[in-house]
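Observations on chain architecture
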Amino acid sequence: MEDHSITGSIPGTRAARRAARTRAAALQVALIVAALAALAPRDVTGVAAQAGSAIQPARRAEPLALPSPDEATALRTYIERTWEVLTRTLDDLPAAAEDPKYPRPAGEPWPVYVAPTENLARVSAHVASTLDEADRRRLVVRVLPDRPLDMEDHGLLYLPEPYVVPGGRFNEMYGWDSYFIVRGLLAAGHVERARQMTDNHLYQVEHYGMVLNANRTYYLSRSQPPFLATQVLEVFERTRDRAWLERAVGLVDRYYAVWTQAPHLAGTTGLARYYDRGEGPAPEVVASERDARGRTHYDRVAEHFAQAGERINGFPTALFYDRRARRLTPFFYKGDRSMRESGFDPSNRFGPFGAAITRFAPVCLNSLLYRYERDRAALARHLERDGEARLWERRAETRRLEVDRRLWNEARGIYLDFDVEAGERRDYLFATTFFPLWTGLATPAQARRVRAALEQLEAPGGLLTSTTVSGSQWDAPFGWAPLQLAAVEGLRRYGFEEDAARLAARFVGLVSKELGEHGIIVEKYDVRRRESDVGSGIRFGYDTNEVGFGWTNAAVLEMLALLDARQREAVGAAQGEGSASR
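Not measured: the values here are computed from a predicted model.

Each value, and the rule that gives it
- Residues numbered from 1 in each chain as written.
- Predicted model: local features only at pLDDT ≥ 70, side-chain atom pairs only at ≥ 80, totals over all residues.
- Heavy atoms only, no water.
- Pairing = 2+ DSSP bridges.
- Helix = DSSP H or I, 4+ residues; strand = E, 2+ residues; numbered from the N terminus.
- Axes fitted to C-alpha atoms, helices over the stretch in contact; angles between N-to-C directions.
- Parallel < 35°, antiparallel > 145°, perpendicular 65-115°, else oblique.
- Left-handed = near helix turned anticlockwise from the far one by under 90°.
- Contact = heavy atoms within 4.5 Å.
- Nonpolar A, V, L, I, M, F, W, Y, C, P; charged D, E, K, R; others polar.
- pLDDT = per-residue confidence, 0-100.
- Buried < 20%, exposed > 50% of the residue type's maximum accessible area, 1.4 Å probe, protein only.

Turning to the sheet that holds strand β16 (residues 424-425), a few remarks are in order. Taken in spatial order, the three strands of this open sheet run β12-β15-β16, and their pairing is antiparallel. The open sheet terminates on both sides in strands that have one partner only, identified here as β12 (360-361) and β16. Alignment of strand β15 (residues 418-419) against β16, held across two bridges, turns out to be antiparallel. If you follow aspartate 419 over to β16, its bridge partner there is glutamate 424.

In this section: the packing of helix α7 (residues 191-208) against helix α9 (residues 242-259). Packing of α7 against α9 brings their axes to within 9 Å, and their N-to-C directions diverge by 50°. For the element pair α7 / α9, the angle class is oblique. As α7 packs across α9, the resulting crossing turns out to be left-handed. Packed against α7, whose contacting residues are Arg195, Thr198, Asp199, Leu202, Val205 and Glu206, the element α9 presents Trp244, Arg247, Ala248, Leu251, Val252, Arg254 and Tyr255 at the interface. When its residues are assigned to classes, the contact of α7 with α9 shows seven nonpolar, one polar and five charged.

Helix α13 (residues 363-382) packs onto helix α8 (residues 228-239) with a crossing angle of 40° between their chain directions and a minimal axis gap of 8 Å. Considered as vectors, α8 and α13 are oriented oblique to each other. Crossing hand, α8 versus α13: left-handed. Between α8 and α13, the residues in contact are Leu228, Ala229, Thr230, Val232, Leu233, Phe236 and Glu237 and Arg371, Tyr372, Asp375, Arg376, Ala378, Leu379 and His382, respectively. Residue composition of the contact of α8 with α13, by class: eight nonpolar, two polar and four charged.

Taken over all residues, the pLDDT of the protein chain has a mean of 90, while the share at 70 or more is 87%. With pLDDT under 50 throughout, residues 4-27 is counted as low confidence; its partners more than four residues away or in other chains account for 39 contacts. Note that pLDDT drops below 50 for residues 32-51; the model gives that stretch 37 contacts with residues more than four away or on any other chain.

Most of strand β5 (residues 139-143) sits out of view: five of its five residues are buried. For strand β4 (residues 110-114) and β5, the ladder comprises five bridges, and the chain directions are parallel. When the sheet's bridge partners are listed, tryptophan 110 is paired in β5 with leucine 139.

And the structure:
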């Protein structure tokens, strides 16, 4: 492995850049301190109430009041300020290289890796020209080893363009987080930063093989839910840069191939699955996700399996836990890693802790691939390649038919994940049942049926992730911004405007309340209690609530725009009635 010390000249604007970094760092610290002071202490050893049971649906209330002008202004002001705080550039490389999920001994330089296909000397010179001597000593630039999945000295993966991180312990550029962040940047008018984010994802496909879970070396074995074609399309629609689009489509296609070839094929269904290429425990989990007793997430999971019967959540316990050896099985670790590729980490949706996920063709993934194919067709039409567009449209239609066949439950009127090995759908209501509405895959009749799921999933603060309390963060009573936005936009797409506005008002109202009380926007919320203090209900995984927060910011901006339009419509209607009465 080749190391390059970082040397070189310091540009004349170094002082200005350092001052900007200092201001951003101070604001980041202030946000984190506020979070720690405002949120109640967590107890990851406590048992969530009614763990494993179905949560009762909220009684449907009258539509919530729309946010006041002052509340909307406070939300937008915080979000606009936070984009700068969460942006990482080469100026910020020493801070970006630091990883709270994978700490190093004090004084050791943080490694930054470049791909073998990249020019190490050029990258080193570029970095050196940006940093002063003190910052250069904090880093070492290296080429990735020949077998990167076997490496142990983990570090940051180089990206050439500035990017926005989610926030808190997530101090790198993530896969599906970044799609929502790009949506937020576009909504706020930051088109160039949205394009830079997309260029970084295209760079990842070219040099690291796919859009990564995030740009750390321990994420090289997996991706995250696929949005690249959609992201490219949405950026192109703002820039109209045809030359850029022509360069991008080949990499869009290369990434699509990742999801439509082994090991991401869900048997012979023609659908896709999540599948991490690594083996054993996820390094970042072992390094950082520990409770007050020093137990890792895996320790707590093993204890849970040891106390279970012969079956757990509908699956043989022996699939996941070897009682004789008192350890988790290779099948569990493969599933655990693959569950992290899904982004829903963890939940009992795909069996206990999501560990049977490799058996499933999921609703979310195949809905997103349907949209990927439709949006890739739209990219072809922008390039005046009509034959190519028709090919992608046929692929989308083929997928839609398979989703109808395997994932649509006619009796219940919802979409459910399909267990390929068992040959049946898993009866586990999850908010991703709205994804086929969001992506336009559902028929109007199916959308009307799915709308009825709001009776079970809607809560005072928005949409529940599922109807099951499992002690995991991607189950009830928690709600997450991307699922709120998907449901709101899916309902609007099929004409359910009142439902969409009500759901948006519930979630924006919750975020606004918590911003007013604590001065922060966070990663996730308890939508039953309408609180951001979530730790006491989380038994597995990490129990913190991270401050920032990229995709929450983006979803709030999009929903505020919807609610603003509703207010304008209401004012217009009232004025019209007044004119008529006169």
